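# Observations on chain architecture
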Amino acid sequence: MKILLVDDEKNILDSVSRALKRMGHEVVSADGFNPAVAACDDSFDLATLDVWLNSDEGDGVDLLKALKTAYPHLMVVMISGGSTIATAVEAIKHGAYDFLEKPLSLDKLEVLLKNIDELISLRKQRDELLRQVQDEYKLVGESSAIKAMVATIDRFAPEEAPVLITGESGSGKELVARMIHNKSGRASGPFIAINCAALPDELAEAELFGYEEGAFTGAMSSHEGYFRRAGGGVLFLDEISEMSLKLQAKLLRVIEERKVTPLGGKDVFDIDIRLIAASNRKLKEEADSGGFRHDLYFRLNVLPVSVPPLRERISDIGLLVEYFCAAYASKANKKQRKFSKSAIAYLEKLGYPGNIRELKNYIERILIISDSDPIEPQSIEAVLAGVSSSTGGDKELSSLKQAVEDFEREYIEKAIAGAEGNIARAARILGLERSHLYKKMKALGIEKGER
């Protein structure tokens, strides 16, 4: 650990510095306010500050404020030979981790430093996990359509009003919702994502608003509900058009009153959330046809964000392919492979009704089945047609469109069989929204046969 030791008594600086170095720490000493400010930088993990600095610039608490303002993540321990409780409270209030009294107990100091070291390590792990999560939900693209959407996100993110995100299945609506959350003042709060299409009507109200023990058969304990769980953060309601009209009425009331009463309960709880909703349907048309409440639509559509389909951002395919290749290599612990320019051009000519999700599935399938590096168009065609890339060019292939349809039909039928006819479970296996799977099945002539 790198430590900044600040005290205006030279004998204390020397003795404590030697002790810290024997413990294995790197130590930089400063005998006053200005020398401490000049010596400190981002490389320090901890600063120990004497409260009673004899300096015109201020005392130890003033130095604490200055260092924490410049370096918020710096850990600070205050040391004093005769401070009051009020001074200690003020120091803790301004970000001090602990307060030690002189003469210092080296054993106590060693235990304290060990605890601080563990806390710093946990913070670094947390920051790395956060970075990985943010990378996972990174918005990739430089097309004009994406730049316009990012500008909209940047403008809406700091606000508190509801956001309605519209776009086709697989276009990245949840990713946009997470970007809004990460760029907002609620970034440190939870992000709770709910797929309304996957919530059974009979359980949706209980899951969203909570319930008390005994509220219904099977309610063996209380459940606070997603609205309360998302307190201080964002609640993302995906595919909100799948919500029943009855539940829409209750949702509207909760949004307007910002209060929720669990099923079977009498207590009313305030909710502190930002609501983001998303739909792959045109909600205005749904409302006009009676399939969605007009009043809820207008309440949600305060800040609208439209996610462009992949066909409107073809120039981003090369960047997306590179990103998916890197992600697959990291996940599979393999060398990252590339697609040739002609392979990228080939991919740009394909249709993607499933948008980014479909492209990602294609790339992963190609990387798993094909061994070539770089990957060329013939490898893509062979894989998407369900033919091994080692077959060679002698075998006559059907049209790519027909081959892909045949492959998708067989793949979906196997997934449905594996899910024992349960369409919702088959959709989860395939990584598709249930509504999108139904559309695929209809287009490919697959009988529903749901049980």
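Residues numbered from 1 in each chain as written. Predicted model: local features only at pLDDT ≥ 70, side-chain atom pairs only at ≥ 80, totals over all residues. Heavy atoms only, no water.

On to the overall build of the protein chain. The helix and strand tally for the protein chain stands at 19 helices and twelve strands. Computed over the C-alpha atoms, the radius of gyration of the protein chain is 29 Å, more than 25% above the 22 Å expected from 2.2 N^0.38 for a compact globule of 451 residues. Taken across its 451 residues, the protein chain has 44% of its residues classed as buried. Within the protein chain, counting contacts between residues at least 6 apart in sequence, those at least 24 apart form 68% of the total. Within the structure as shown, the protein chain displays about 23,600 Å² of accessible surface, and the carbon and sulfur contribution to it stands at 50%. (Helix = DSSP H or I, 4+ residues; strand = E, 2+ residues; numbered from the N terminus. Rg over C-alpha atoms; globule rule 2.2 N^0.38 Å. Buried < 20%, exposed > 50% of the residue type's maximum accessible area, 1.4 Å probe, protein only. Contact = heavy atoms within 4.5 Å. Areas by Shrake-Rupley, 256 points an atom, 1.4 Å probe, with all protein chains shown as cover.)

Attention now goes to the sheet that holds strand S7 (residues 191–195). Overall, parallel pairing links the five strands, which are arranged S7-S8-S11-S6-S12 in an open sheet. Every interior strand has two partners, whereas the edge strands, S7 and strand S12 (303–306), have only one. Along the sheet, successive strands turn relative to each other by an average axial angle of 20 degrees, direction set aside. In this sheet, strand S8 (residues 234–238) lies alongside S7 in parallel orientation, the contact comprising five bridges. Looking across to S8, one finds that Asn195 is bridged to Asp238. Helix H7 (residues 173–182) rests against strand S6 (163–166), S7, S8, strand S11 (274–279) and S12 of the sheet, and its axis sits at about 150 degrees to S6. (Pairing = 2+ DSSP bridges. Axes fitted to C-alpha atoms, helices over the stretch in contact; angles between N-to-C directions.)

Counting residues in each nonpolar core, the largest one holds 31 residues, and the members touching the most others are Leu208, Phe227, Leu235, Leu237 and Ile240. Within the residue set of this core, elements represented by two or more residues are S7, helix H8 (201–209), helix H9 (226–229), S8, helix H10 (245–257), S11, helix H11 (283–288) and helix H12 (294–300). The leading source of residues in this core is H10, at five residues. When neighbours within four sequence positions are excluded, Phe227 is seen to be in contact with Leu208, Phe209, Leu235, Leu251, Val254, Ile271 and Ile273. One finds Leu320, Phe324, Ile356 and Leu359 within the second-largest nonpolar core, a separate group that totals 26 residues. (Core = buried A, V, L, I, M, F, W, Y, C linked by side-chain atoms within 4.5 Å.)

Further remarks concern the sheet that holds strand S1 (residues 2–6). Read across the sheet, five strands follow the order S2-S1-S3-S4-S5 without closing on themselves; strand pairing throughout is parallel. Two strands close off the open sheet at either side, each with one partner strand: strand S2 (26–30) and strand S5 (98–101). Adjacent strand axes in the sheet meet at a mean angle of 20 degrees when their direction is disregarded. Here strand S3 (residues 46–50) pairs with strand S4 (residues 75–80) via five bridges, running parallel. Looking across to S4, one finds that Ala47 is bridged to Val76. Helix-sheet contacts for helix H1 (residues 10–22) involve S1 and S2, and the interaxial angle to S2 is about 170 degrees. Together, S1, S3 and S4 form the strand contacts of helix H3 (residues 60–70), whose direction differs from that of S3 by roughly 160 degrees.

Let us look at the pattern of salt bridges. A full pass over the atoms with the stated rule returns 22 salt bridges. One salt bridge in this structure joins Lys102 and Asp50, with 3.5 Å as the shortest N-O distance. A residue pair is termed long-range when its members are at least 10 positions apart, and Lys102 in the loop between S5 and helix H5 (106–136) and Asp50 in strand S3 qualify at 52 residues. Judged by its relative accessible area of 22%, Lys102 is partly exposed. Classification of Asp50 as buried rests on a relative accessible area of 3%. Here the residues in one salt-bridge network are Asp7, Asp50 and Lys102, joined through shared partners. (Salt bridge = Lys/Arg side-chain N within 4 Å of Asp/Glu carboxyl O.)

Here the focus is the confidence of the model for the protein chain. In the predicted model, the protein chain carries a mean pLDDT of 87, and 92% of its residues have values of at least 70. The spread of mean pLDDT over the elements of the protein chain runs between helix H17 (residues 400–418), the lowest at 77, and S6, the highest at 97. Segment residues 387–398 is flagged for pLDDT under 50; beyond a separation of four residues in sequence, or across chains, it makes eight contacts in the model. (pLDDT = per-residue confidence, 0-100.)

Okay, the packing of aromatic side chains next. For the structure shown, the criterion picks out five aromatic pairs. Over the ring of Phe44 we find Lys2; its NZ or CZ atom is 4.5 Å from the centre of that ring. The side chain of Arg365 reaches across the aromatic face of Tyr411, ending 5.7 Å from its centre. (Phe/Tyr/Trp six-rings, centres within 6.5 Å; stacked < 30°, edge-to-face > 60°. Lys NZ or Arg CZ within 6 Å of the ring centre and 35° of its normal.)

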